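Here is how the chains run, residue by residue.
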Amino acid sequence: MTAPTRDDYDHDVKDRGDSVASPTTIEGARIEETIYNAELKAAIESTKLDPWSRRAISLYFICMVGFLNAVSSGFDGSLMGGINAMDQYLDFFHYETVGASTGIVFLIYVAGNCAGAFFAGPASERFGRRAGMFIGGFIILTGSAIITAAQNRAMFLGGRFTLGFGIAISTTAAPTWVTEIAPANWRGRLGALYNSCFFVGAIPATGLMVGTQKMNSTWAWRLPLLLQVAPPIIVMLCILFCPESPRWLVSRGRIDEARAVMVKYHSTDGKTNPLIELQLHEFQEMIEVRKMEPVWDYSRLVNTSNARWRLLALTLMCINGQLAGNGLITYFLPTVLSNAGVQDTHTQLLYNFANNILSAFGAFSGAMMTDRIGRRRRLYFGAFSLAVLLSIVAALSSKFGEKDNTNVNGANATITFIFLFGIVYSFTYTPLQALYCAEVMNQQMRAKGMGVHILISNCAGFINTFANSVGLKAWGYKYYFVFVVWNCCASVLWFLFCVETRGRTLEELDEVFNEPWPAMASARKRKVAIKTEGDRAIVKVIDEESSA
């Protein structure tokens, strides 16, 4: 295949534009219904990327460095839920499993996240995505060391704040980098795998606690906390050898470097191809060479209707993803299990471990389906399903969750639906929480937008930490109905306002967000005729229809 020049590509774009306007089909062409626009569909058809080529496998390993930032987040989410059930930890710091003092332990991490969010966007925008991950990794390493060595409450809380601060920076830069470095037609799967790797941290953390819980010393909780130093060390070492985001390079006028990165990782033969040329063409159209704007200038997020719709889509993911009831399972599973009738600490930790394995199955299954089922339908159907499952958990807990309950089958049914809730939540939200937020932001907004994503998520996450602790203590299983109601509301909000991002490059989404009602515009499908001539595909749109 002869590599196309820029002039050839511009001529092809014009030809494809003429084709799109034509209502006639192409003789001998196959007919497909697709959400892809004609240019992207033609580029994908003309570019056969081998997912098992040496270059593709190199890209996977590079993305894994980004995934490790989600592993750090997974460690904390699962560690504190399990450690909070350990007598060794509770006795050392004089805490209770629920209540205001325990809520503060979780809340201080959220406060660190919120503080870090203000620095996260500017850091990865000014210095690059790799630098953001390195800075975040260093701060996580520092926080992990402090909490592992903590001798009193103040030291432990200080370490929790530092840890949250660092994770905010790393989890802003990492999903942005993964989303931007992935080829357009692989972006869904690779981006969704990022947040699914939360469980790569959660599973060993909960598994280790099953063993350390039997230790008669503070190492019962210190040893699991010590594991948190591993991911940031690996990230800090490996990121030095990874490429920078091509979009960030173009935004700094370094177009030749961006092309070199894409040729190396977005091709099978080390040569340019139609998909690379399409993306570079769109980068240069959409990305202005940036002046060094003020660090605290967030006006780009709200100064146009396009930007406000993007911010609404991001906000929906942050709030709905946090208020789905997942915090009950992530941070307070031992308490939820107590409400279901499981009182033994060791058994609670075993169930916590099993829940993470099952949730990981849901998350990775969802990630692999991301490019097939899209985002919109998954979200509004998924939110309604979570409302139903959590209602069942509450009903069963009310009947079989008492301490003197002797109905083993009833208690097991409650636990089964708790696990089902975790699987469905992980399938619905976990793969999309970082990916969708990065997708709906354009290049000028993405770094700071992802910082705002961390901030809004943690403001909503306040309910998952402090408020959940108080609510569970005061109302027990009845508190679950707060999240049942919210999931019903979320299902409606997703249907009305969720913009489908599948099937478009990040730059092409600008056209969708310029529509009067982007959510409905994004659901339109096109019927196209595709004909391959040699190494080139010709695509014509023959019909467009609306689909919810």
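Residues numbered from 1 in each chain as written. Predicted model: local features only at pLDDT ≥ 70, side-chain atom pairs only at ≥ 80, totals over all residues. Heavy atoms only, no water.

**Student:** How should I be thinking about the packing of aromatic side chains in this particular structure?
**Tutor:** The description of two aromatic rings rests on the distance between their centres and on the angle between their planes. Within this structure, the stated rule accounts for 25 aromatic pairs. Summarising the aromatic geometry, the rings of Phe 92 and Phe 93 are spaced 4.9 Å apart at their centres and angled 85° between planes, so their arrangement reads as edge-to-face. Relative accessible area serves as the criterion here: at 28%, Phe 92 is assigned to the partly exposed category. A residue is classified by how much of its surface remains accessible, and Phe 93, at 2% relative accessible area, is buried. (Phe/Tyr/Trp six-rings, centres within 6.5 Å; stacked < 30°, edge-to-face > 60°. Buried < 20%, exposed > 50% of the residue type's maximum accessible area, 1.4 Å probe, protein only.)

**Student:** For this particular structure, what's the right way to read the packing of helix 15 (residues 305–322) against helix 22 (residues 432–440)?
**Tutor:** Any two packed helices are characterised by the angle at which their axes cross and by the distance between the axes. Where helix 15 contacts helix 22, the axes come no closer than 9 Å and their chain directions differ by 170°. Relative to helix 22, the element helix 15 lies roughly antiparallel. Residues Arg 310, Ala 313, Leu 314, Met 317, Cys 318, Gly 321 and Gln 322 of helix 15 lie in contact with helix 22, whose contacting residues are Leu 432, Gln 433, Tyr 436, Cys 437, Glu 439 and Val 440. Residue composition of the contact of helix 15 with helix 22, by class: eight nonpolar, three polar and two charged. (Axes fitted to C-alpha atoms, helices over the stretch in contact; angles between N-to-C directions. Helix = DSSP H or I, 4+ residues; strand = E, 2+ residues; numbered from the N terminus. Parallel < 35°, antiparallel > 145°, perpendicular 65-115°, else oblique. Contact = heavy atoms within 4.5 Å. Nonpolar A, V, L, I, M, F, W, Y, C, P; charged D, E, K, R; others polar.)

**Student:** Would you mind going over a nonpolar patch on the surface with me for this structure?
**Tutor:** Nonpolar side chains collect at one region of the surface, where Val 492, Phe 495, Leu 496, Trp 517 and Met 520 lie side by side and expose about 410 Å² of accessible area between them. A total of three residues in the nonpolar patch trace back to one element, the largest contributor, which is helix 24 (residues 480–497). Turning to its location among the elements, Trp 517 is positioned in the loop between helix 25 (509–513) and helix 26 (518–522). Note on Trp 517: relative accessible area 38%, which makes it partly exposed. (Patch = residues over 30% accessible without salt bridge, like charges linked within 9 Å, V, L, I, M, F, W, Y side chains within 5 Å. Areas by Shrake-Rupley, 256 points an atom, 1.4 Å probe, with all protein chains shown as cover. Salt bridge = Lys/Arg side-chain N within 4 Å of Asp/Glu carboxyl O.)

**Student:** Please clarify how the nonpolar core should be interpreted in this entry.
**Tutor:** The nonpolar side chains of a soluble globular protein tend to be buried with one another. Within the largest apolar cluster, 120 residues are counted, with the highest numbers of intra-cluster contacts made by Tyr 89, Phe 156, Leu 314, Tyr 429, Tyr 436 and Trp 494. Here this core gets 13 residues from one element, more than from any other, and that element is helix 3 (residues 54–83). Among residues more than four places away in sequence, those in contact with Phe 156 are Met 80, Tyr 89, Phe 93, Val 105, Ile 147, Ala 150, Trp 221 and Leu 225. Counting residues in hydrophobic clusters, the runner-up holds five residues, among them Phe 198, Phe 199, Ala 360 and Ala 363. (Core = buried A, V, L, I, M, F, W, Y, C linked by side-chain atoms within 4.5 Å.)

**Student:** How should I be thinking about the side chain of Thr 172 in this particular structure?
**Tutor:** With respect to the secondary-structure elements, Thr 172 resides in helix 7 (residues 153–181). Only 2.8 Å separates the side chain of Thr 172 from the backbone oxygen of Ala 168, close enough to count as a polar contact. Residues within four places of Thr 172 in sequence aside, it is in contact with Ala 120, Gly 121, Ser 124, Ala 447, Met 450, Gly 451 and Ile 454. (Polar contact = N/O pair within 3.5 Å; in protein donor to acceptor, adjacent residues only side chain to side chain.)

**Student:** Is there a simple way to think about the pattern of salt bridges in this case?
**Tutor:** Side-chain pairing between opposite charges can occur once the charged atoms of the two side chains come close. According to the stated counting rule, one finds 12 salt bridges in the structure shown. In this structure, Arg 129 engages Glu 180 in a salt bridge whose closest nitrogen and oxygen atoms are separated by 2.9 Å. Of this pair, Arg 129 sits in helix 6 (residues 129–148) while Glu 180 sits in helix 7, and the two are 51 residues apart along the sequence. Judged by its relative accessible area of 0%, Arg 129 falls in the buried class. Classification of Glu 180 as buried rests on a relative accessible area of 1%.

**Student:** Looking at this structure, how should I read the environment of Phe 156?
**Tutor:** One can find Phe 156 in helix 7. Through-space distance from the C-alpha of Phe 156 to that of Val 105 is 8.4 Å; in sequence the pair is 51 residues apart.

**Student:** How should helix 9 (residues 198–212) be read in this particular structure?
**Tutor:** Every α-helix carries 3.6 residues per turn, so stepping three or four residues along brings you back to the same face. Helix length check: helix 9 (15 residues) gives 21 Å between terminal C-alpha atoms against 21 Å at 1.5 Å per residue, within 8%. All buried positions along helix 9 are accounted for by Phe 198, Phe 199, Gly 201, Ala 202, Ala 205, Thr 206, Met 209, Val 210 and Thr 212. (Expected span 1.5 Å × (residues − 1).)

**Student:** Explanation requested: the packing of helix 18 (residues 345–368) against helix 21 (residues 408–428) in the structure shown.
**Tutor:** Direction vectors running N to C along helix 18 and helix 21 enclose 35°, while the axes themselves pass 7 Å from each other. The way helix 18 lies across helix 21 gives a crossing that is right-handed. Where helix 18 approaches helix 21, its residues Tyr 351, Ala 354, Asn 355, Leu 358, Ser 359, Gly 362, Ala 363, Ser 365 and Gly 366 are matched on the opposing element by Asn 412, Ile 415, Ile 418, Phe 419, Gly 422, Ile 423, Ser 426 and Phe 427. (Left-handed = near helix turned anticlockwise from the far one by under 90°.)

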